[in-house]
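Listed below are the residues making up each chain.
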Amino acid sequence: MTADNPMTTSTHNSVPFVDLAWQHDQIQAQIQAALAAVLSRGDFVLGQAVQELETAFAEASGAQCGVGVACGTDAIALGLSACGIGEGDEVLLPVNTFVATLIGILRSGAIPVFVDCDQDTALLDLEAAEAAVTLKTRAVIPVHLYGQMVSPSGLKALAERHDLLIFEDAAQAHLAEREGMRAGSVGTAAAFSFYPSKNLGAIGDGGMLLTQEALVAETTRSLRNYGAVRKYFHTEPQGTNSRLDTLQAAVLGLKLPFLLDWNHARNQIAQHYDDRLSALREFGILPIRNDSGTGHVYHLYVIRVTTDCPIDRTALQLALQEKQIQSGIHYPVPCHLQPAFQFLGYQPGAFPVAEGLSQEILSLPMYPGMTLEQADRVIDVIVQAVNQDTATTESLTALSA
Ligand SMILES: Cc1ncc(COP(=O)(O)O)c(C=O)c1O
């Protein structure tokens with residue numbers, strides 16, 4: 001089974017892609033009490049829990065202000081507008097991101113300019129980004145893909161050279177760290193998603209804009225609330241209804257104190273995967289490289305099934321599926337090749353690294369609460385599948401044990 005619906009639970013020897021039951025079991029009673037408290041207060045829209053979460057999450061991330069919105073996509077669209085990015089402005093983004101980054105830019109009215117990624121880390125290629133800068137370029141959106149931040153120093157150097165605003169897409173990188181900085185504290189602003197399977201996930205949709213600038217926060221607050229600065233007084237024509245739900249904020253506020261531990265658990269599983277997979281490098285299985293050590297929060301654990309591998313990615317995914325191990329592909333089609341965005345005028349072949357990676361990447365099960373035994377089960381199946389003959393299987397199993 002692939003990971004179309006990630007909110008599944010494990011049975012017998014199966015390994016789900018994501019299992020949220022473990023984290024919810026720990027705080028079930030508190031969740032019920034928090035939901036009951038919102039019910040009895042009745043502050044369902046922009047209630048107390050929203051403000052509390054905005055303050056707590058901004059502080060934990062090293063940012064000045066937080067503004068809760070309905071989802072991560074809105075955090076990008078409204079946040080860019082609040083930063084003054086719009087019509088005629090070019091915004092750089094990696095082409096191998098989730099389509100929401102692109103949708104957010106288009107909604108702000110700005111012109112998206114795709115950039116290729118680094119082959120080993122799958123992160124925005126900063127040299128390619130520099131080459132794509134024109135006189136109209138106003139901003140760069142580094143996507144902290146899979147839970148790993150784009151280098152803050154590299155980003156800042158690029159931004160300073162070309163007077164660009166940095167707007168982080170941190171939807172997959174809650175409390176990720178690199179070079180002593182947390183996701184959300186590097187740029188002028190950053191967008192987070194609280195989609196249930198994210199590292200910090202709600203029990204529905206949710207998102208937040210973090211920013212260092214009070215004015216950007218204030219404008220986003222207005223944009224999320226029909227463009228009103230106070231009730232029935234509207235100053236922003238692009239205003240909409242996009243508020244983080246109070247019930248969701250209450251649940252997120254309960255989970256936040258656990259987040260560092262949960263991220264650490266993900267990192268431990270990733271290290272175990274890395275250790276065991278090292279024996280498969282010569283067989284063309286390469287994990288996406290971690291350049292940020294324990295700062296990588298592994299929203300996803302992704303390997304490359306390269307052309308050096310004796311079996312192809314589809315066959316490997318099928319082998320996993322036969323053993324009830326879910327996997328996923330993030331993402332199978334780079335943004336410039338999506339049918340909806342052909343009007344942007346990019347051709348196949350324009351981004352060879354991202355296009356190549358899209359054919360190789362495979363995301364393995366990853367969630368806090370996953371056991372090392374479960375990770376071993378995943379690797380055992382990969383080891384067996386990679387091998388065509390029994391003799392090699394034995395030597396590989398021994399090597400990677
Ligand atoms: C990189 C990236 N950006 C933006 C988003 C959009 O977030 P949401 O689904 O909350 O709108 C996501 C969510 O999946 C994402 O992974």
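Before reading on, note that the structure itself is shown above.
For the structure given in this document, a descriptive report is provided here. (Residues numbered from 1 in each chain as written. Predicted model: local features only at pLDDT ≥ 70, side-chain atom pairs only at ≥ 80, totals over all residues.)

A short note on the sheet that holds strand β14 (residues 361-364)
Right, so step 1: Taken together, 3 strands build an open sheet; the order of strands is β12-β13-β14 and the sheet is antiparallel. Taken across any chain shown, the strands that pair with only one partner, and hence form the sheet edges, are β12 (285-287) and β14. Between one strand and the next, the sheet's axes are offset by a mean angle of 35 degrees, whatever the strand orientation.
Right, so step 2: With 3 bridges joining them, β12 and strand β13 (residues 301-305) adopt antiparallel strand pairing. In the strand pairing of β13, P287 is matched with I303.
Right, so step 3: Its contacts with the sheet put helix α9 (residues 259-277) on β12, β13 and β14, and the angle it makes with β12 is roughly 150 degrees. (Pairing = 2+ DSSP bridges. Helix = DSSP H or I, 4+ residues; strand = E, 2+ residues; numbered from the N terminus. Axes fitted to C-alpha atoms, helices over the stretch in contact; angles between N-to-C directions. Contact = placed C-beta atoms within 7 Å.)

Some words on the site of the ligand
Right, so step 1: The full set close to the ligand counts 15 residues, and C71, G72, A100, A171 and S193 are the nearest of them.
Right, so step 2: Only α3 (72-82) and α4 (99-108) provide two or more residues apiece to the shell around the ligand. (Near = placed C-beta within 6 Å.)

Details of the environment of Q271
Right, so step 1: Mapped onto the elements, Q271 comes out in helix α9.
Right, so step 2: Considering only alpha carbons, one finds Q271 and T294, 23 residues apart in sequence, at a separation of 9.5 Å.

Thoughts on the packing of helix α10 (residues 313-322) against helix α12 (residues 372-386)
Right, so step 1: Two elements in contact, α10 and α12, have axes whose closest approach is 9 Å; the angle formed by their N-to-C orientations is 130 degrees. In this view, α10 runs oblique relative to α12, as classed from their interaxial angle. Here α10 and α12 pass one another in a crossing that is right-handed. Residue-level contacts link A315, L316, A319 and L320 of α10 to V381, I382 and A385 of α12.
Right, so step 2: Across the contact of α10 with α12, the residue classes break down as 7 nonpolar, no polar and no charged. (Parallel < 35°, antiparallel > 145°, perpendicular 65-115°, else oblique. Left-handed = near helix turned anticlockwise from the far one by under 90°. Nonpolar A, V, L, I, M, F, W, Y, C, P; charged D, E, K, R; others polar.)

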